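# Reading the structure
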Amino acid sequence: NIERINYVGLAIRAANTLERKYEEALLTIDALASTYVEENKYDEAYTEIYRGIELAEKVKGADIQTNELLALGSAWAARVKIEQDRTRLVGEARELIELALKFNDPSQPWIRFRILMAAGDIFLKQNQSSEALQMFLDAKKEMIKYGGEGNYYQINPRIGLAHLALDSVPEAEEIFADLSSQNTISIGKLYGDYGLALIKFKKDDTNKANLLLDNVKAELSKRTSSNLLLKLIKEFEETWKR
């Protein structure tokens, strides 16, 4: 993510120099802000989201593109709110997702995918697991339309977590085992190991579960101290201890 932020920053500056407002707004919202979300840097994410929205509103003669950028901005803003405070801000997050869906009809599949994925995140954090699963499955259908991204490392962990929340353990275990066996996208493998750890806890195999979590934390700590997966592990461990 550190490398990603650096290179995205270079691309944004290049787009600005070339006065390519659409590309500058797109990179600001969907590449830079989204990466800050993954790093738990929510203030920075908000700043970039709304800077991107301001740029999008300056795009002239391309209403559909502008609406898509506004939809993306609304979806990512909703995601930030739900990560910051899953209870107090959930109403605002839902309103933003509804705004994104309104903006985004019709849409390009890759944008629709991101909005549906954010909607699923919100449902999952509200413990509305069935609704979350449906959103994630719909999001994956949109992703398949344009060929997918990184062996589905973004959406498959979410589908697995939704299945696990519904106590569909065999379905969740199959998804996480597949992720864990892949080496192309390291974060996807780590999410797979995290999911398998949760399943081990469900099966009362705490020793193997703790070992898996320790390995995931060790790998992540080589790269960052604020990744979203580290936050999930910390929250789970605190809940489990209680």
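Structure: see above.
Below, the structure is looked at part by part. (Residues numbered from 1 in each chain as written. Predicted model: local features only at pLDDT ≥ 70, side-chain atom pairs only at ≥ 80, totals over all residues. Heavy atoms only, no water.)

On to the overall build of the protein chain. Summing up its helical and strand segments, the protein chain has 12 helices and 0 strands in all. Ordered by position in the sequence, the α and β elements of the protein chain form the string α-α-α-α-α-α-α-α-α-α-α-α. Within the protein chain, buried positions represent 50% of all 242 residues. Considering only contacts in the protein chain between residues 6 or more positions apart, those separated by 24 or more positions represent 58%. Put simply, the protein chain shows about 12200 Å² of open surface, and 50% of that area lies on carbon and sulfur atoms. (Helix = DSSP H or I, 4+ residues; strand = E, 2+ residues; numbered from the N terminus. Buried < 20%, exposed > 50% of the residue type's maximum accessible area, 1.4 Å probe, protein only. Contact = heavy atoms within 4.5 Å. Areas by Shrake-Rupley, 256 points an atom, 1.4 Å probe, with all protein chains shown as cover.)

Before going further, it helps to spend a moment on the packing of helix H8 (residues 155-165) against helix H9 (residues 169-180). Between H8 and H9, whose axes approach to 8 Å, the crossing angle comes to 155°. By the angle between their axes, H8 is roughly antiparallel relative to H9. When the axes of H8 and H9 are compared, the crossing they make is left-handed. Between H8, through Asn 156, Pro 157, Ile 159, Gly 160, Leu 161, His 163 and Leu 164, and H9, the contact on the second element is made entirely by Val 169, Glu 171, Ala 172, Ile 175, Phe 176 and Leu 179. The class makeup of the residues in the contact of H8 with H9 is 9 nonpolar, 3 polar and 1 charged. (Axes fitted to C-alpha atoms, helices over the stretch in contact; angles between N-to-C directions. Parallel < 35°, antiparallel > 145°, perpendicular 65-115°, else oblique. Left-handed = near helix turned anticlockwise from the far one by under 90°. Nonpolar A, V, L, I, M, F, W, Y, C, P; charged D, E, K, R; others polar.)

Attention now goes to the side chain of Glu 142. As for its position among the elements, Glu 142 is in helix H7 (residues 129-145). Overall, the relative accessible area of 15% leaves Glu 142 in the buried class. Apart from the residues within four sequence positions on either side, Glu 142 is in contact with Pro 109, Arg 112, Phe 113 and Leu 116.

Further remarks concern H9. The periodicity of an α-helix, 3.6 residues per turn, causes residues three or four places apart in sequence to face the same way. A rise of 1.5 Å per residue sets the reference length of H9, with its 12 residues, at 16 Å; its end C-alpha atoms lie 16 Å apart and thus fit the reference within 8%. The inward-facing, buried residues of H9 abut H8 and helix H10 (186-202). (Expected span 1.5 Å × (residues − 1).)

Before going further, it helps to spend a moment on the pattern of salt bridges. For the coordinates displayed, the defined rule picks out 14 salt bridges. Among the ionic pairs, Lys 202 bridges to Asp 167, the shortest N-O distance being 2.8 Å. In this pair, Lys 202 is assigned in helix H10 and Asp 167 in the loop between H8 and H9, connecting sequence segments 35 residues apart. What makes Lys 202 partly exposed here is its relative accessible area of 43%. You can call Asp 167 exposed: its relative accessible area is 53%. Glu 219 is the partner of Lys 222 in a salt bridge, and the nearest nitrogen-oxygen pair spans 3.0 Å. Classification of Lys 222 as exposed rests on a relative accessible area of 62%. One salt-bridge network, held together by shared partners, links Glu 38, Arg 79, Asp 121 and Arg 158. (Salt bridge = Lys/Arg side-chain N within 4 Å of Asp/Glu carboxyl O.)

Viewed as axis vectors pointing N to C, H8 and H10 meet at an angle of 10°, and their least axial separation amounts to 10 Å. Of the possible angle classes, the one that applies to H8 and H10 is roughly parallel. Packed against H8, whose contacting residues are Pro 157, Leu 161 and Leu 164, the element H10 presents Tyr 191, Tyr 194, Leu 198, Ile 199 and Lys 202 at the interface.

Okay, the nonpolar core next. Within the largest apolar cluster, 77 residues are counted, with the highest numbers of intra-cluster contacts made by Ile 155, Tyr 194 and Leu 229. The dominant element in this core, judged by the number of residues it contributes, is helix H6 (residues 109-125), at 11 residues. Excluding its chain neighbours within four sequence positions, the residues that come into contact with Leu 229 are Ile 187, Leu 190, Tyr 191, Tyr 194, Val 216 and Leu 220. (Core = buried A, V, L, I, M, F, W, Y, C linked by side-chain atoms within 4.5 Å.)

Let's shift gears to unusual backbone geometry. Positive phi values are uncommon outside glycine, yet Asn 127 reaches one of about 65°. Following the sequence through the fold, Asn 127 ends up in the loop between H6 and H7. Non-glycine residue Asp 204 carries a positive phi angle of around 65°. Assignment of secondary structure puts Asp 204 in the loop between H10 and helix H11 (206-221).

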